[in-house]
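Here is how the chains run, residue by residue.
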Amino acid sequence: MQSRAHSPQAPAGAVANPAEKAFMKYKDYYSILGVERGASADVIKNAYRKLARKYHPDVSKEKDAEERFKDIAEAYKTLKDPETRAAYDQLGSHRPGEEFQAPPDWAEHFGGQQFSFEDLDLGDLFETLAGRRRRGQRRGPAGMGPIPGQDYDVVARISLEDAYRGALIDLNLEMPEYDAEGRMHRVQQQFKARIPKGATEGQRLRLPGKGGKGLNGGRDGDLYLHIELQPHRLYRVNGHDLYLDLPLAPWEAALGASVEVPTLGGRVRLKVPPATQTGQKLRLSKHGLPRPRGEPGDLYAIAQLVVPGVPTDREKALYEQLAEVSIFNPRANFEGEGSR
Amino acid sequence: MKLEVTEVLWLEEHGELTLSQLAELSRLSEADLLELIEFGVIVPAKSHAARMRFDAQSIVAARTACRLREDFELDAYGVALAITLLDRIRDLEAQLQDLLARMPHGLR
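Since we're looking at a predicted model, the values are computed, not measured.

Asks: When you look at the interface of chain A and chain B in this model, what are you seeing that I'm missing?
Replies: By convention, interface size is frequently given as the accessible area that disappears when the constituent parts associate. Chain A puts 53 residues into the contact, and the matching count from chain B is 40 residues. Between chain A and chain B the total buried area reaches about 4100 Å² when both faces are included, carbon and sulfur atoms providing 52% of it. For the pair chain A and chain B, the number of links is 7 salt bridges. Across the pair Asp153 of chain A and Arg63 of chain B runs a salt bridge, and its minimum N-O distance is 3.0 Å. Where chain A meets chain B, there are 15 residue pairs in polar contact (both at pLDDT 80 or more). Listing elements by their share of the side of chain A that touches chain B, those giving two or more residues are helix 2 (41-55), helix 3 (65-80), strand 5 (184-195), strand 6 (204-207), strand 7 (223-229), strand 8 (235-238), strand 9 (241-248) and strand 13 (299-305) of chain A. Looking at the side of chain A that touches chain B element by element, the count peaks at 6 residues for strand 5 of chain A. Each residue belonging to the side of chain A that touches chain B can be placed in one class, and the counts come to 21 nonpolar, 10 polar and 22 charged. Where strand 6 of chain A meets strand 2 (residues 9-10) of chain B, 2 bridges bridge the pair, whose relative direction is antiparallel. Each residue of the ladder has a partner; that of Leu205 of chain A, found in strand 2 of chain B, is Trp10 of chain B.

See below:
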């Protein structure tokens with residue numbers, strides 16, 4: 001099961017040019033799998049398995065895994081079946097992406113009826129042919145049982161601010177739909193989805209009925225949104241908790257201070273206790289991301305001692321004075337170690 | 001084109017699912033699901049006698065199982081093994097994410 005839907009950030013790939021809709025764009029399934037045109041079924045299977053391990057979205061960390069796997073799965077689906085492979089081979093060899101027209105009798109021969117290539121994608125065409133054969137008839141959808149629509153998965157990359165407040169996102173997806181003849185077409189679907197506040201990295205949301213359309217009374221598929229958070233300039237996210245570096249001057253850390261801290265809900269005052277050390281976490285309770293149910297997460301400010309790069313003469317004099325009077329030994333733990 | 005606003009559902013909002021509801025949502029047959037339950041890939045939230053109930057996370061596990069089975073041509077045991085390993089990777093990544101979030105920017 002692969003998603004042909006596009007993520008909201010990368011909407012819709014090739015849409016058929018109406019002026020040339022009798023043509024399809026050629027895809028070289030053999031080169032996608034990296035095999036020779038005459039390769040045996042076993043060679044094709046092994047090539048697919050190797051590529052699936054590398055690019056399957058469930059196991060891969062490759063950047064373009066999802067897109068690559070879509071092509072790989074489509075190529076394998078067509079070539080593993082001797083009948084669809086024969087139909088594909090009949091189309092001859094073209095450059096990838098080249099516009100071409102199938103021989104007039106081709107569809108008759110393999111599809112069992114006249115076929116129009118309008119708006120069809122090569123992958124969808126083979127899907128339609130294979131689907132018909134599976135269903136044991138070649139005359140369109142009449143008489144088939146109900147076929148549920150496919151489920152799709154898309155990634156929704158949202159900002160941390162959107163996760164905090166909730167957001168309305170635009171989804172622009174291209175999905176296959178069957179027409180009355182049982183042919184598959186790409187249809188542009190555009191709608192808005194309300195992301196409730198409290199979504200965070202890795203969460204899944206379900207949009208019932210927003211997947212592929214069902215056929216013959218089969219139910220419509222679902223759309224699953226996978227939430228990904230865009231990296232934020234200030235905050236790091238862990239579940240519903242947020243982490244923020246809090247730079248402190250040495251005297252603020254030593255004496256304690258009241259500092260202003262930015263949160264997603266606005267600025268708040270934070271009391272820094274005296275003798276605060278670098279790395280110490282100061283908790284701002286419930287200032288993290290809201291949860292769909294229950295208390296919001298927390299915001300942790302992590303103290304970072306920073307010193308001025310170039311002290312003024314006056315600052316330098318005061319540091320020197322402090323060095324003279326202080327009995328503080330920052331390296332007490334080194335005592336007695338390493339001496340020969 | 002009319003732009004409708006779709007409300008989305010948290011997976012958690014489904015509450016407890018029956019075996020047949022889980023089968024419908026995941027596109028696996030009940031027999032396939034029972035096999036995954038037997039291998040411990042899907043753990044029923046409640047399972048007294050014939051009244052199994054599942055929480056919403058089971059949808060994620062079942063859908064992953066369905067994809068792995070189709071795309072890698074795996075049997076139920078292979079699917080179970082792959083899902084066990086994927087779960088371990090997910091746990092490790094969550095731990096790493098936790099550590100990275102706590103670590104100051106300068107040290108990363």
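Asks: When you look at the environment of Ala301 of chain A in this model, what are you seeing that I'm missing?
Replies: Residue and element names in this part refer to chain A. On the secondary structure map, Ala301 appears in strand 13. Considered as a pair, Ala301 and Val154 are 147 residues apart in the sequence and their alpha carbons are 33 Å apart. Those residues within four positions of Ala301 in sequence are excluded, and the remaining contacts are Leu244, Leu246, Leu270, Gln280, Lys281 and Leu282.

Asks: Help me understand helix 3 of chain A, please; the structure alone is not making it clear to me.
Replies: Since the α-helix packs 3.6 residues into each turn, any two residues three or four apart lie on the same face. Along its 16 residues, helix 3 of chain A runs 21 Å from first to last C-alpha, staying within 8% of the 22 Å computed at 1.5 Å per residue. Buried residues of helix 3 of chain A: Ala65, Phe69, Lys70, Ile72, Ala73, Glu74, Ala75, Tyr76, Thr78 and Leu79 of chain A, and no others.

Asks: So what exactly am I meant to see when it comes to the confidence of the model for chain B here?
Replies: Detailed reading of the predicted coordinates is not advisable wherever pLDDT is low. For chain B, the average pLDDT comes to 84, and 87% of its residues sit at 70 or higher. Within chain B, the element-level pLDDT minimum falls on strand 3 (residues 46-48) of chain B, averaging 67, and the maximum on helix 4 (residues 76-102) of chain B, averaging 91.

Asks: What is the right way to read the packing of helix 3 (residues 57-72) of chain B against helix 4 of chain B from this model?
Replies: If you want to describe how two helices pack, look at the angle between their axes and the distance between the axes. Residues and elements named next belong to chain B. Axis separation between helix 3 and helix 4 bottoms out at 10 Å; the angle between their running directions is 125 degrees. On the basis of the axis angle, helix 3 is oblique to helix 4. For the crossing formed where helix 3 meets helix 4, the hand is right-handed. Taking contact as the criterion, the partners of Ala61, Thr64, Ala65, Leu68 and Arg69 in helix 3 are, on helix 4, Val79, Ala82, Ile83 and Leu86. Its residues placed into classes, the contact of helix 3 with helix 4 shows 7 nonpolar, 1 polar and 1 charged.

Asks: I would appreciate a short explanation of the nonpolar core in the present structure.
Replies: Where a protein is soluble and globular, its nonpolar side chains tend to be buried together. If you look at the biggest cluster of nonpolar residues, it comprises 53 residues, and the most contacted ones within it are Leu33 and Tyr88 of chain A together with Ile42 of chain B. Here the element with the most residues in this core is helix 3 of chain B; it accounts for 8 residues. Apart from the residues lying within four places of it in its own chain, the contact partners of Leu33 of chain A are Ile44, Ala47, Tyr48, Leu51, Ile72, Ala75, Tyr76 and Leu79 of chain A. Formed by 42 residues, the second largest nonpolar core is a distinct cluster that contains Ile195, Leu207, Leu225 and Leu270 of chain A.

Asks: Would you mind going over helix 4 (residues 82-90) of chain A with me for this structure?
Replies: Residue and element names in this part refer to chain A. Within helix 4, the full set of buried residues consists of Thr84, Arg85, Ala87 and Tyr88. Buried positions in helix 4, seen along its axis, are confined to an arc of 160 degrees and lie on one side of it. Put simply, Asp81 is the residue that caps the front of helix 4, since its side-chain oxygen is 2.7 Å from the backbone nitrogen of Glu83. At the exit of helix 4 stands Gly92, carrying a positive phi of roughly 80 degrees.

Asks: Where do I start with the side chain of Asp28 of chain A in this structure?
Replies: All names here are of chain A. Of note, Asp28 is situated in the loop between strand 1 (24-25) and helix 1 (29-33). Arg37 provides the closest opposite charge to the buried, salt-bridge-free Asp28, at an N-O distance of 4.5 Å. At a separation of 3.1 Å, a polar atom in the side chain of Asp28 contacts the main-chain amide nitrogen of Ser31. The contact partners of Asp28, leaving out residues within four places of it in the chain, are Tyr88 and Pro96.

Asks: Looking at this structure, how should I read the pattern of salt bridges?
Replies: Oppositely charged side chains may form a pair once their charged atoms are brought near each other. Summed over the entire model, instances satisfying the criterion amount to 22 salt bridges over all chains. As a salt-bridge pair, Arg69 of chain B and Asp32 of chain B come within 2.5 Å of each other at their nearest N and O atoms. Taken together, the positions of Arg69 of chain B in helix 3 and Asp32 of chain B in helix 2 (residues 30-38) put the pair 37 residues apart, joining distant regions of the chain. Accessibility expressed as a relative area gives 21% for Asp32 of chain B, which makes it partly exposed. What you see here is one network of salt bridges that share partners, running through Asp58 and Asp153 of chain A together with Arg63 and Arg67 of chain B.

Asks: I would appreciate a short explanation of the sheet that holds strand 9 of chain A in the present structure.
Replies: Note on sheets: strands pair through backbone hydrogen bonds, and any given pair is parallel or antiparallel. All names here are of chain A. The mixed open sheet is built from 4 strands, whose spatial order is 8-9-13-12. Edge positions in the sheet fall to strand 8 and strand 12 (281-284), since each has one partner strand and no second. Direction aside, neighbouring strands of the sheet carry axes that sit 30 degrees apart on average. With 4 bridges connecting them, strand 12 and strand 13 associate as antiparallel partners. Bridge pairing links Lys281 to Ile302 in strand 13.

Asks: Just checking my understanding: could you explain the sheet that holds strand 4 (residues 167-178) of chain A for this structure?
Replies: A sheet is described by the order of its strands in space; here 3 strands give the open sequence 4(A)-5(A)-1(B), paired in mixed fashion. In the strand order of this sheet, the two ends are held by strand 4 of chain A together with strand 1 (5-7) of chain B, each with one partner. Each strand of the sheet is rotated relative to its neighbour by a mean of 45 degrees, with strand direction disregarded. Pairing between strand 5 of chain A and strand 1 of chain B: 3 bridges, direction parallel. Looking at strand 1 of chain B, one finds that Lys192 of chain A is bridged to Val5 of chain B.

What counts, and at which threshold
Each chain has its residues counted from 1, following the order in which its sequence is written. Chains and ligands are labelled by the order in which they are written, letters from A for the one and numbers from 1 for the other. Owing to the predicted nature of the model, reporting of local features is limited to residues with pLDDT of at least 70; listing and counting of side-chain atom pairs is limited to 80 or more, with chain, interface and lining totals taken over all residues. In computing side-chain values, all of the structure's heavy atoms are included and hydrogens and water are not. Whether two residues are in contact is decided by their heavy atoms, any of which lying within 4.5 Å being enough. Summed over both partners, the accessible surface that disappears when two parts come together, traced with a 1.4 Å probe, is what is meant by buried area. Think of a salt bridge as a Lys or Arg side-chain nitrogen and an Asp or Glu carboxyl oxygen that are within 4 Å of each other. Counted as a polar contact is a pair of N or O atoms within 3.5 Å, where, for protein atoms, one must be capable of donating a hydrogen and the other of accepting one, and residues adjacent in sequence contribute only when both atoms are in side chains. The helix and strand labels rest on DSSP assignments: H or I over at least four residues marks a helix, E over at least two residues marks a strand, and numbering proceeds from the N terminus. Lys, Arg, Asp and Glu make up the charged group, whereas Ala, Val, Leu, Ile, Met, Phe, Trp, Tyr, Cys and Pro make up the nonpolar group; the residues left over, Gly among them, are polar. A pair of strands counts as paired when DSSP detects no fewer than two bridges linking them. Expected helix span is taken as 1.5 Å per residue step, with the number of steps being one fewer than the number of residues. Partly exposed describes any residue whose relative accessible area lies between the buried limit of under 20% and the exposed limit of over 50%, with all areas from a 1.4 Å probe on protein chains only and scaled to the type maximum. pLDDT runs from 0 to 100 and stands for how confident the predictor is about each residue. Note on geometry: axes are C-alpha line fits, over the in-contact stretch for helices, and angles between N-to-C directions span 0 to 180 degrees. When an angle is under 35 degrees it counts as roughly parallel; over 145 it counts as roughly antiparallel; between 65 and 115 it counts as roughly perpendicular; any other value is oblique. Here a crossing is called left-handed whenever its near helix is offset anticlockwise from the far helix by less than a right angle, and right-handed whenever the offset is clockwise. We call a set of buried residues a nonpolar core when its members are Ala, Val, Leu, Ile, Met, Phe, Trp, Tyr or Cys and they connect through side-chain atoms within 4.5 Å of each other. Working definition: the arc comes from the directions between the helix axis and the C-beta atoms, pointing outward to the latter. By the counting rule applied here, Lys and Arg register as positive and Asp and Glu as negative, while His and the ends of each chain are not counted.

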